[in-house]
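A structural walkthrough
Here are the chains, one letter per residue:
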Amino acid sequence: MKVNVSLLLFALLFFLVSAVSAQEPVSAAETADKLRLQLLDVQFQQENLKIRLQQLDEDLKPENIQRALAGIGSTRPEELRESRRRQLQIERDGVAAQLKVLETSRLRLEAAILDADARAYQESARPMQQGFIARSTRNKPLLIAGGASFVLFGVLASLYVRRRVRRRS
């Protein structure tokens, strides 16, 4: 029972230490790097959609629609061609809409990267913080205590409890 109490206390203190250390702020340079990766992904998606849009434009030409339906026999070939043209036009409009969304996203990411780069520059120009105090992204001070001090406190507290229990018995 005595060992279980000290283990429980140790586990609780370890959880508190990990919760405090998980709140360390992410630097603006790391944020800018993540945003650059997102920008590359958006640019890749844009290129793929532009290629698909070019393909659809080519497929929408009347001679290509007729060639695509050449092997299909029908008593109403005009309706088949019109149906195929509408189908391709709907797909083309959807791809164009996706391109607009990605363009907006790309512009926002570029603006966010410029902002993160400016913050990274300001962070690099700031003097190093002394002691255990760091600044969060909202400039509220966070007390980042070393994990060793919490563990040491837990061990000392459990030893103190054990000693008092032994003296009573």
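In the block above lies the structure referred to throughout.
What this report covers is the structure whose coordinates are included nearby. The structure displayed is predicted, hence computed values, not measured ones. Residue positions are given per chain, counted from 1 along the sequence in the order it is written. The predicted nature of this model means local features are confined to residues of pLDDT at least 70 and side-chain atom pairs, given and counted, to a pLDDT of 80 or more, with totals for whole chains, interfaces and linings taken over all residues. The side-chain numbers reported here are obtained from all heavy atoms of the structure, hydrogens and water having been left aside.

What to know about the overall build of the chain
Each helix and strand in the chain was counted, giving five helices and two strands. Secondary structure elements in the chain, listed N-terminal to C-terminal, are α-α-α-α-β-β-α. Expressed as a percentage of the 169 residues in the chain, the buried residues total 18%. Here the contacts in the chain between residues at least 6 apart in sequence split such that 76% fall between residues at least 24 apart. The numbering of helices and of strands both runs from the N terminus, where a helix is a DSSP run of H or I of at least 4 residues and a strand a run of E of at least 2. For the exposure calls, accessible area comes from a 1.4 Å probe over protein chains only, and a residue counts as buried if that area is under 20% of its type's maximum, exposed if over 50%, partly exposed in between. Whether two residues touch is decided by their heavy atoms; if any such pair falls within 4.5 Å, the residues are in contact.

A closer look at helix α4 (residues 77–125)
End to end, α4 covers 71 Å across 49 residues, agreeing with the expected 72 Å (1.5 Å per residue, within 8%). Every buried residue belonging to α4 is among L88, V95, L99, L102, R106, L109, I113, A116 and A120, and all of these are buried. Tucked into the core, α4 has its buried residues touching α2 (28–59) and α3 (62–68). A helix is expected to span 1.5 Å multiplied by its residue count minus one.

Topic: the nonpolar core
Counting 17 residues, the largest nonpolar core has L35, L49, L88, V95 and L109 as its most contacted members. Of all the secondary structure elements, the ones that give two or more residues to this core are α2 and α4. Setting aside anything within four residues of it in sequence, one finds L35 in contact with L109, A112, I113 and A116. Throughout this description, the term nonpolar core refers to a set of buried Ala, Val, Leu, Ile, Met, Phe, Trp, Tyr and Cys residues connected via side-chain atoms within 4.5 Å.

Regarding the packing of α2 against α4
The description of two packed helices rests on the angle between their axes and on the distance between the axes. Here the axes come from fitting lines to C-alpha atoms, over the contacting stretch only for helices, and the angles between their N-to-C directions go from 0 to 180 degrees. Remark: α2 packs on α4, axes separated minimally by 8 Å, with the N-to-C direction vectors making an angle of 160°. Taken together, α2 and α4 sit at an angle that is classed as roughly antiparallel. When the axes of α2 and α4 are compared, the crossing they make is left-handed. Each angle is binned into one of four classes, with values under 35 degrees roughly parallel, values over 145 roughly antiparallel, values of 65 to 115 roughly perpendicular, and all other values oblique. Should the near helix be turned counterclockwise from the far one by less than a right angle, the crossing is left-handed, whereas a clockwise turn marks it as right-handed.

Quick look at the pattern of salt bridges
A side-chain nitrogen of Lys or Arg and a carboxyl oxygen of Asp or Glu constitute a salt bridge if their distance falls within 4 Å. Inspection of every chain in the model, using the stated rule, returns 10 salt bridges. For R92, the salt bridge identified is with D57, shortest N-O distance 2.4 Å. You can see R92 sitting in helix α4 and its partner D57 sitting in helix α2, a full 35 residues away along the chain. Using a relative accessible area of 25% as the deciding quantity, one classes R92 as partly exposed. The partner of R119 in a salt bridge is D115, with the nearest N and O atoms 3.4 Å apart. Separated by four residues within a single helix, R119 and D115 lie in helix α4, roughly one turn from each other. Given the relative accessible area of 32%, R119 is considered partly exposed. The class of D115 is partly exposed, set by a relative accessible area of 44%.

Some points on the side chain of Q46
Turning to its location among the elements, Q46 is positioned in helix α2. Exposure remark for Q46: the relative accessible area of 5% places this residue in the buried category. Sequence-distant contacts of Q46, defined by excluding residues within four places in its chain, comprise L99, L102, E103 and R106.

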